[in-house]
Amino acid sequence: MSGASALPGGPGTVGAAMPVLRERGQRAVFCGLTSIVWLHRKVQDAFFLVVGSRTCAHLLQSAAGVMIFAEPRFATAIIEERDLAGLADANEELDRVVERLVARRPEIRLLFLVGSCPSEVIKLDLARAAARLSQRLSPAVRVLHYSGSGIETTFTQGEDACLAALVPEMPATTDRSLLVIGALAEVVEDQMRRLLTALGIGPLHFLPPRRAQDLAAVGPNTRFLLAQPFLGDAVRALEARGARRIPAPFPLGAEGTTLWLRAAAEAWGIGPARFREVTAMAERRAREGLLRIRDRLAGQRVFFFPDSQLEVPLARFLSRELGMVPLEVGTPYLHREHLAEELALLPAGTPLSEGQHLERQLDRCRAARPDLTVCGLGLANPLEAEGLATKWSIELVFTPIQGYEQAADLASLFARPLVRRDRLAV
Amino acid sequence: MRLAVWTYEGPPHIGAMRVATAMQGVHYVLHAPQGDTYADLLFTMIERRGERPPVTYTTFEARDLGGDTAALLRAALHEACERHQPQVLLVGASCTAELIQDDPGGLARRMGLPVPVIPLELPAYQRRENWGAAETFYQLVRACAGPPGPRPPRPAGAPPRCNLLGPTALGFRHRDDLLEVRALLAGLGIAVNVVAPLGATPADLARLPEADFNVVLYPEVAEPAARWLERSFGQPALRVVPIGVGATQDFLAEAARLAGLPPPAPAAAASRLPWYSRSVDSTYLTGKRVFLFGDATHAIAAARVATEELGFEVVGLGSYSREFAREVRAAAAQYGVEPLVTDDYLEVEARIAELQPELILGTQMERHIAKRLGIPCTVISAPVHVQDFPARHSPQMGHEGANVLFDSWVHPLMMGLEEHLLAMFREDTEFNDAAPPSHLGHAAAAPPPPDLAAWGAEAERELQKVPFFVRGKARRNTERFARERGIVTITVETLYDAKAHFAR
């Protein structure tokens, strides 16, 4: 693994100077548009209109296709030759498409115009379009914009851009409150709400909210916790509103969830005794659930291809709570500040890589022969055909995996490919 | 600009990928941003291919745009040649790269690469997937088949030969159709010279002119190449697509004619469809109102089968294949219906809602519509879904294909009939919603054990958040867990304790 060097072990020594294998070359990742697939389910009165090409529409359909039988709350305004040749005014065309959409879906309260590679390259000004359409459709529909383009964002960064676009819409307040940012499954959100409320932390809000009009207020006394590791822009936008981040690892696994909750508890001045009282039972339950799965995973070597930016917290969970050995933790982008607590918990010497040169990474993976490879949908079956067990990573963003009650579910996602191989005699 | 909820076809470079992936020894360098790499999953997940498609993406980013995206392209071209050692290199751009005008094809040609380069110009803002596949296949055939001229004479004593043109990767039942068509031709004593693009190498394409005629199996992909071969080598094309009993007979007759063989005797009982259709229990199929939509080839072929071989009434016929609009209109006129040539899913939905057919024969997109409107539906055409690559042999073409059509079109109607009967006898004491399935006997109807714990309101609400398809299991497991521990009221904690207990 030339170029990748060992991490200095222990907390405190990890910093901006941490050596990481940085690669450039062909990537095999989704673009930011893909996050629409879960965002449109999360915010129930929002609609996502991609302004892009047939490729964008095809991507969304291919990534989401099998999961959606109702009409989705997303669509694509496909740019055509006429728009490019200047025969049609792109802005007028966009207005027409939006009007047709709003007429068809009167329940829409919030419309996102989502920029794509082609709309960025032709410099279609979606900010102005959003302002114009917002005014025209006010007060029924609010129109915002962000970019999910693949020349600027990968996969989960689309959610980051979307949340960052929501921040300026949040009302101002000087009240003290806790904000949890990052889309979580409702069942996870409810569990977190129960725990945090039981700890006496509040008022408590989530971003994104389930309904667009329930957007929380924000201000200098807002503290926020990240539920997802890929939210750099959203964090900057919140900090610009005066809110302050509570540094913490991510709520994956029993340990991660405890540390995440504890960070909030400490910020609220809640003592250790009270904290144990509220969290002990659920944590014990999570650890018990993990115990059985640990038998199959302990000692197994795992290799991560870059995908969702969840790789570092996942590697921490797999190594510390399940005894797995990370061979390479690839991530599309390593946010050193937001991952500082995570990196400190990773076993010393865990090889990290950032960015991608697909062929070289495949060579490393084949040479290492990991017991489990975490990778995207394009690579999973080819690697299986080469005899490598894989876990396709997109499931990690569609499945509830955060929190105590999901810890065993998360572990099972990694154990199942191995258990399956144990069972199959064909 | 067009509003698209779903699309029937991908962009044209997806068509090029279908051709490249189908062939051996071909590599495709695609100038494209990173997001376009999603296309790999179509092949590895939907078609379950065990290899990555032979595509190198340049995956340029915003920061490259100010600098030198062409340098990136050159590096990708060198690397692709070195690593994959292709016999032919396809070079092109996806929608975004088309806008930055790096001219990938021209650039690759000027680089003096150690392998023949075929530049692909696939206008992403005008054309779509099937056009892209057809254009790519045509360019490959032109480049590999050698200069136009007279066909080489057939060796003495050799059987007549034909090429099978059109099957690609990610094709709707192409794999299975091919076996059927090979069997049909073998029955006539006609040899298959080359199948392309599926499984062919560039060297195989060079042998195309040796055949006596070309079979255009999938006109959406093969028509331009077949026309060029006809012009260049005087190879006639067989354009009957053998979907259905009648069309299969026509195909055999036409193949024999082109091969210079005597007309084949109609094969009795080659397919079960005719008898199944005549057997009395099919009487209820008479006049069923059917709506057809798909690529032009499958939709038009299905219309003939529906009317002549199943006794349905065609109430609507349409296609997203704009390149074959003329053929679709002609067929629609024949059945006395208004043709629908569109790739606007919303328009198709509106037409179906208006016509209220009893059966939809369409694509995966129409399945969404059918589900919403409660109409039985069978898929007869791409766009494909993982279900369209069944493990079993399931062709659309030839004798076995006709059997498959009968089964797959009639089954959803039978399911509809069963549902109707269920509704009719809803009040029957033994046969109602609440009664357990009769095959489970009376045990299943036993009352719950008396010591069953009661669900607290909050726990019940939490249970509702469990996805519906595992909710029953979660409920049973929790109740068992509670019973074993003598818990009287199930709380949220009990629910999660049970979940942890049963986790594995």
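Where an unreviewed UniProt entry is consulted, chain B appears under the name Light-independent protochlorophyllide reductase subunit B, with the organism given as Roseicella frigidaeris. Among the UniProt annotations of chain B, the heading Sequence similarities (unreviewed entry) holds the following wording: "Belongs to the ChlB/BchB/BchZ family." Reading the Pathway (unreviewed entry) entry of the UniProt record for chain B gives the comment "Porphyrin-containing compound metabolism; bacteriochlorophyll biosynthesis (light-independent)."

By the naming in an unreviewed UniProt entry, chain A is Light-independent protochlorophyllide reductase subunit N, taken from Roseicella frigidaeris. Taken from UniProt, the Sequence similarities (unreviewed entry) comment for chain A reads in full: "Belongs to the BchN/ChlN family." Looking at the Pathway (unreviewed entry) heading of the UniProt record, one finds this comment for chain A: "Porphyrin-containing compound metabolism; bacteriochlorophyll biosynthesis (light-independent)."

A.B. asks: Would you take a moment to explain the packing of helix 11 (residues 272-297) of chain A against helix 17 (residues 407-423) of chain A for this structure?
C.D. replies: Each pair of packed helices can be described by the angle between their axes along with the distance between the axes. Residue and element names in this part refer to chain A. Here helix 11 crosses helix 17 at 25°, and the two axes come no closer than 9 Å. In this view, helix 11 runs roughly parallel relative to helix 17, as classed from their interaxial angle. Both helix 11 and helix 17 take part in a crossing whose hand is left-handed. On helix 17, the residues that touch Ala286, Gly289, Leu290, Ile293, Arg296 and Leu297 of helix 11 are Ala407, Ala408, Ala411, Ser412, Phe414, Ala415, Leu418, Val419 and Asp422.

A.B. asks: Any chance you could explain unusual backbone geometry here in plain terms?
C.D. replies: Most of the time, phi is negative for any residue but glycine, and the peptide bond is trans. In this structure, the amide linkage connecting serine 138 of chain A to the following residue, proline 139 of chain A, adopts the cis form with an omega of 0°. With respect to the secondary-structure elements, proline 139 of chain A resides in the loop between helix 6 (126-137) and strand 5 (142-147). In this structure, proline 208 of chain A follows leucine 207 of chain A across a cis peptide bond, with omega equal to 5°. Structurally, proline 208 of chain A can be placed in the loop between strand 7 (204-207) and strand 8 (222-226). For arginine 173 of chain B, which is not a glycine, the phi torsion comes out positive at approximately 60°. Among the secondary structure elements, arginine 173 of chain B is positioned in the loop between strand 6 (161-165) and helix 8 (174-188).

A.B. asks: Help me out: how do you make sense of helix 7 (residues 157-166) of chain A in this one?
C.D. replies: Because an α-helix packs 3.6 residues into every turn, residues spaced three or four apart end up facing the same way. Residue and element names in this part refer to chain A. Among the 10 residues of helix 7, 10 are classified as buried, and the element is accordingly described as predominantly covered. Gln157, Gly158, Glu159, Asp160, Ala161, Cys162, Leu163, Ala164, Ala165 and Leu166 are the residues of helix 7 that are buried. As for helix 7, its buried residues are in contact with helix 1 (36-42), strand 2 (46-52), strand 4 (110-115), strand 5, strand 7 and helix 9 (232-240).

What counts, and where the lines are drawn
Residues numbered from 1 in each chain as written. Chains lettered and ligands numbered in written order. Predicted model: local features only at pLDDT ≥ 70, side-chain atom pairs only at ≥ 80, totals over all residues. Heavy atoms only, no water. UniProt positions renumbered as here; feature names shortened; annotations may be inferred. Axes fitted to C-alpha atoms, helices over the stretch in contact; angles between N-to-C directions. Helix = DSSP H or I, 4+ residues; strand = E, 2+ residues; numbered from the N terminus. Parallel < 35°, antiparallel > 145°, perpendicular 65-115°, else oblique. Left-handed = near helix turned anticlockwise from the far one by under 90°. Contact = heavy atoms within 4.5 Å. Buried < 20%, exposed > 50% of the residue type's maximum accessible area, 1.4 Å probe, protein only.

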